Amino acid sequence: MISTPFTELFGVDHPIVCGGMTGVGTADLISAVADAGALGFLTALTQPTPEALAAEIARCREMTDKPFGVNLTVLPTRDPVPYDEYRAAIIESGVPVVETAGSNPAEHVAAFKAAGVKVIHKAVAVRHAVKAQKLGVDAVSIDGFECAGHPGEDDIPGLVLIPAAVRQLEIPVVASGGFATGSGLAAALSLGACAINMGTRFVASAEAPVHRNVKEQIVANDERATQLVFREFRNTGRVARNAVSEEIVARSQRPGAVFDDVAELASGVRGRTQVLQEGRMDDGLWWAGQAQGLIESVDTCADIVGGIVADAEKIIGRLADLRG
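This report concerns the structure included in the present document. (Residues numbered from 1 in each chain as written. Predicted model: local features only at pLDDT ≥ 70, side-chain atom pairs only at ≥ 80, totals over all residues. Heavy atoms only, no water.)

## Observations concerning the sheet that holds strand β3 (residues 69–74)
Strand pairing in a sheet is mediated by backbone hydrogen bonds. Such pairs are either parallel or antiparallel.
Then comes step 1: Spatial ordering of the closed barrel is given by β1-β2-β3-β4-β5-β6-β7-β8, a layout of eight strands whose pairing is parallel. For this sheet, the mean angle separating the axes of adjacent strands, direction not counted, is 25°.
Then comes step 2: Relative to strand β7 (residues 173–176), strand β6 (residues 139–143) is paired through four bridges, and the arrangement is parallel. For isoleucine 142, the partnering residue across the bridge sits in β7 and is alanine 175.
Then comes step 3: Packed on one face of the sheet, helix α4 (residues 83–92) meets β3 and β4 (97–102) and runs near 170° to β3. (Pairing = 2+ DSSP bridges. Helix = DSSP H or I, 4+ residues; strand = E, 2+ residues; numbered from the N terminus. Axes fitted to C-alpha atoms, helices over the stretch in contact; angles between N-to-C directions. Contact = heavy atoms within 4.5 Å.)

## So, the layout of surface pockets
Then comes step 1: If you add up the space inside the second largest pocket, you get close to 210 Å³.
Then comes step 2: The greatest single-element share of the lining of the second largest pocket, amounting to five residues, is contributed by helix α14 (residues 301–321).
Then comes step 3: For the lining of the second largest pocket, a count of residues per class yields five nonpolar, four polar and five charged. (1 Å grid on protein atoms, 1.4 Å probe; cavity = no way out; pocket = protein on both sides within 12 Å on 5 of 7 lines; lining within 4 Å. Points joined across faces, edges and corners; volume = space filled by probe spheres on them. Nonpolar A, V, L, I, M, F, W, Y, C, P; charged D, E, K, R; others polar.)

## Details of the side chain of threonine 64
Then comes step 1: Along the polypeptide, threonine 64 turns up in the loop between α3 (50–63) and β3.
Then comes step 2: Side-chain polar atoms of threonine 64 contact the side chain of aspartate 35, separated by 2.6 Å.
Then comes step 3: Engagement of the side chain of threonine 64 in a polar contact is seen with the backbone nitrogen of lysine 66, the distance being 3.1 Å.
Then comes step 4: In this structure threonine 64 touches Ser31, Ala34 and Asp35, once residues within four positions along its chain are discounted. (Polar contact = N/O pair within 3.5 Å; in protein donor to acceptor, adjacent residues only side chain to side chain.)

## Re the nonpolar core
Then comes step 1: The biggest cluster of nonpolar side chains holds 73 residues, and the ones touching the most others in it are Ile16, Leu29, Phe202 and Val214.
Then comes step 2: Among the elements that make up this core, the one with the highest residue count is α14 (six residues).
Then comes step 3: Sequence-distant contacts of leucine 29, defined by excluding residues within four places in its chain, comprise Cys18, Met21, Val24, Phe202, Ser205, Glu207, Ala208, Pro209 and Cys301.
Then comes step 4: Within the second largest apolar cluster, twelve residues are counted, among which are Leu39, Ala139, Val174 and Cys194. (Core = buried A, V, L, I, M, F, W, Y, C linked by side-chain atoms within 4.5 Å. Buried < 20%, exposed > 50% of the residue type's maximum accessible area, 1.4 Å probe, protein only.)

## Re the packing of aromatic side chains
Then comes step 1: Tallied over the full model, the rule gives three aromatic pairs.
Then comes step 2: Each ring, one from phenylalanine 233 and one from phenylalanine 259, has its centre 5.9 Å from the other, and the planes form 85°; the classification is edge-to-face. Residue phenylalanine 233 is located in the loop between β9 (226–229) and β10 (237–240), and its partner phenylalanine 259 is located in the loop between α11 (243–252) and α12 (263–266); the two are separated by 26 residues in the primary sequence.
Then comes step 3: Residue classification places phenylalanine 233 among the partly exposed residues on the basis of a relative accessible area of 22%.
Then comes step 4: Three or more aromatic residues joined by ring pairs form one cluster here, namely Phe230, Phe233 and Phe259.
Then comes step 5: One Lys or Arg, arginine 238, reaches over the ring of phenylalanine 145 and ends 4.7 Å from the middle of that ring. (Phe/Tyr/Trp six-rings, centres within 6.5 Å; stacked < 30°, edge-to-face > 60°. Lys NZ or Arg CZ within 6 Å of the ring centre and 35° of its normal.)

In structure tokens, the structure reads:
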């Protein structure tokens, strides 16, 4: 077993996190992650209402007696989101830890901390991580350029970003982006991180609530099978490469292009229903990171977590032997 300040602070067996993933972070997956000894986060906005979130938290509690958290991602939206009501549902449900992401989390961090809830904030730049620490978060998850989702606009890979963040932070750092193996966990620990966050690897798990075609596509893809979209609109996202992502890039590069030119193709609802639920792999945008190139099979969360920890322990042991 690998013990770090992260495992001690959050009361989990292993320094592995399954961060929030829209359309994927439900009780089906997160209870399995928790039972495996890692820390998983239900995704608040996967649920249509704060009441539905409270019900999902209760459902997850019925499925596991291990610690788990909730992700609250705050982003600009066309339709207003009652973030304060989702926040209240999290607090009233007695969730012990929250993962915040997106816009400035100051208001939410203050409320969560006042209620005794621990907070991990996801950041894509050292300057943002330092600001989050000043707000009083308990840990920072730092996303390297390899990650699925929004890596920011600085294009700094984890090999540089992780130790750069560790140098300026006093709180635990979770390394995110490109992690799917025991060697990755060992590398993250050597860079000063206290845990790793995996998204794409957990999508390719037996318990992930997505179509089998999605899981098999991740296994079939290599590290080149992602695409950067929305770069022209300074909202860069890394997604799985498919017909829709190619068309988004083509439209975005036209002179005078605006986001409305790709909005229909980029619809989150379209991606969740046509790809994640129905398995029509070229009919919507779906998120995946470069770690696809490291994933060779669809496994249970218990096997994923157990295998990664065991491999990391062997690697750490071999490195210790080099000193002789």
